[in-house]
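Notes for the structure review
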Amino acid sequence: MGLMAIEACGGINMSDRTYILGIESSCDETSCAVVADGGEVLSNVVASQVDLHAKYGGVVPEIASRAHIEAINSVIAEAIELASIPIDQISAVAVANQPGLIGSLLIGLMAAKTLAWVHGLPLVGVNHIYAHAYSPAIDSEPIEYPALAMVASGGHTALYRCDSPIELELLGSTIDDAAGEAFDKVANILGLGYPGGPVIDKLARGGNPKAVDFPRSLLKGQSLDFSFSGLKTAVLYHVNGVPGARRKPSQPEVGLENLSESDIADIAASFQAAVVDVLKIKLRRAAKIAKPKSLVIGGGVSANSGLRQGAAELADALGCSLRLPALKYCQDNAAMIAGAGYHYLKAGLTAGLDLDARATVSR
Ligand code: KG4
Ligand code: ZN
């Protein structure tokens, strides 16, 4: 391994293997990874802040930024040490510069710029949602294109037609809550703590998905956008009653304190079934447009067992391959940033030290 066969690639030295150092700090994970050739993970260090935010029931941006500052240097040092690659064999520094919490993004971006400047390395800005759509290729086979990708996380729910790891066309996105956000809010309503996705997923396995007929909001016509706020409100009203409505004597008492463990499992299962149904219906609609060879699911919600099973059924019906990230690459991680960054670098899409962080990406 090493700098044996060096070829010029847009002014950038590419060894026979291309090692990218990736940095991710878009939300509440501080992560650094070294990845070879867009897929082989040499190291992927993730420092999660989940314990810091749990007591607030969600990510507090100010706390997240401070925790990134405290963690970033040691996370980078550990990733480089674990990779056992001298820094002079790294080809570029890739960083998630959008979208995300602006204060959080800026910490990773400053660290990436510093490394790039000190070591004279190209800097690559990576859209972190695109990286989620690439995450099934990490430590796995390349994705076959065109692909239909759905990224469902705590901050985003979006559908893309992808022609390559870096050519993504947005087909639809959420108009209110993201799918992961709905899991987190419903878990909060059910008193299950934060983050909500894993615990609802676990409880749903023991509940009846048909117990409560929660709404499936599909929006008008053949819309490929998503809306989850109505579903969240339906769960709230189911648990606490509709505000102002009178309870008939024949109806059970409302309120969380009146629900049994099995009631809560039934609500979790019914809520999860509603989310998975909506995601599947939108994927099926989008597949008519994208005509994909692969169905790709990424983002924190792609860890959901109901969604993984539903996606497998759908891919079978569509006759395309299903690409799911390994569970450790569902959540935010720098391996997917370094992996996607490799393709940006190959395409010559490097950035200057004036690269900006952006909270949102325009459609
Ligand atoms: O991608 P991610 O780590 O961070 C963002 O970019 O937002 O996603 C975090 C989200 C949280 O909302 C969390 O509740 C959800 O992913 N999540 C899940 C599961 N595991 C994590 N949602 C449903 N089922 C799961 N098993
Ligand atoms: Zn994410």
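Check the entry above for the structure.
What follows covers the site of ligand 1. Neighbouring ligand 1 are 21 residues, the closest being G154, D184, G197, D201 and N304. H132 has a polar side-chain atom sitting 3.4 Å from an oxygen atom of ligand 1. Taking G197, its main chain carries an N or O atom lying 3.0 Å from an oxygen atom of ligand 1. When ligand 1 sits alone it has 550 Å² of accessible area, and the protein chains cover 89% of it. Secondary structure elements with two or more residues in the shell around ligand 1: α4 (128-134), α5 (179-189) and α6 (196-204). With four residues, the single largest contributor to the shell around ligand 1 is α6. Considered class by class, the residues forming the shell around ligand 1 number six nonpolar, 12 polar and three charged.

Membership of the largest hydrophobic core comes to 42 residues, with the highest contact counts inside it found for L148, M150, L159, F228 and F271. Of all the secondary-structure elements, those providing two or more residues to this core are β8 (147-152), α5, α7 (229-240), α8 (261-290), β11 (294-298) and α9 (305-318). When residues in this core are grouped by element, the largest group, 13 residues, is from α8. Other than its neighbours up to four places away in sequence, L148 contacts L159, Y160, L171, L283, A286, A287, A290, P292, S294, L295 and V296. Formed by 36 residues, the second largest nonpolar core is a distinct cluster that contains V35, V41, V124 and I129.

Okay, the coordination of the zinc ion (ligand 2) next. Surrounding the zinc ion (ligand 2) are the protein donor atoms H128 (NE2), H132 (NE2) and D332 (OD), at 2.0 to 2.2 Å. Each of the four donor atoms around the zinc ion (ligand 2) contributes to a set of angles spanning 91 to 148°, which defines the coordination as irregular. Read in sequence order, the donor residues for the zinc ion (ligand 2) give the motif H-x3-H-x199-D. Linking H132 in helix α4 with D332 in the loop between β12 (321-323) and α10 (334-346), this pair joins segments that are 200 residues apart in sequence.

Mapped onto the secondary structure, A335 falls in helix α10. By relative accessible area, A335 is classed as buried at 0%. Residues A335 and G38 lie 297 residues apart in sequence; the distance between their C-alpha atoms is 8.9 Å.

What follows covers the environment of L21. By secondary structure assignment, the location of L21 is in strand β3 (residues 19-24). Measuring from C-alpha to C-alpha, the distance between L21 and A94 comes to 6.1 Å, with 73 residues separating the pair along the chain. When neighbours within four sequence positions are excluded, L21 is seen to be in contact with C32, A33, V34, I80, I90, A92, V93, A94, L115 and A338.

Next up on the list: α8. Since the α-helix turns once every 3.6 residues, residues separated by three or four places project in the same direction. Relative to the 44 Å expected for 30 residues at 1.5 Å per residue, α8 spans 42 Å between its end C-alpha atoms, a close match to the ideal helical length. Most of α8 sits out of view: 21 of its 30 residues are buried. After α8 finishes, the residue K291 shows a positive phi value of roughly 40°.

Every regular strand shows the same layout, with side chains that alternate between the two sheet faces. Taken together, the eight bridges between strand β4 (residues 29-36) and strand β5 (residues 40-48) define a ladder with antiparallel strand orientation. By the bridge assignment for β5, V34 is matched with S43. Counting the residues that bridge the hairpin from β4 to β5 gives three residues, and of these D37 lies at a positive phi of roughly 50°.

Before going further, it helps to examine the side chain of S135. Among the secondary structure elements, S135 is positioned in the loop between α4 and β8. With near-sequence residues (within four places) excluded, S135 lies in contact with G298, P325, Y329 and M336.

What counts and what doesn't
Residues numbered from 1 in each chain as written. Chains lettered and ligands numbered in written order. Predicted model: local features only at pLDDT ≥ 70, side-chain atom pairs only at ≥ 80, totals over all residues. Heavy atoms only, no water. Near = heavy atom within 4 Å. Polar contact = N/O pair within 3.5 Å; in protein donor to acceptor, adjacent residues only side chain to side chain. Areas by Shrake-Rupley, 256 points an atom, 1.4 Å probe, with all protein chains shown as cover. Helix = DSSP H or I, 4+ residues; strand = E, 2+ residues; numbered from the N terminus. Nonpolar A, V, L, I, M, F, W, Y, C, P; charged D, E, K, R; others polar. Core = buried A, V, L, I, M, F, W, Y, C linked by side-chain atoms within 4.5 Å. Buried < 20%, exposed > 50% of the residue type's maximum accessible area, 1.4 Å probe, protein only. Contact = heavy atoms within 4.5 Å. Donors = N, O, S within 2.8 Å, 3.2 Å for Na, K, Ca; no water. Tetrahedral: all angles 85-135°; square planar, octahedral: opposite > 155°, others 65-115°. Expected span 1.5 Å × (residues − 1). Pairing = 2+ DSSP bridges.

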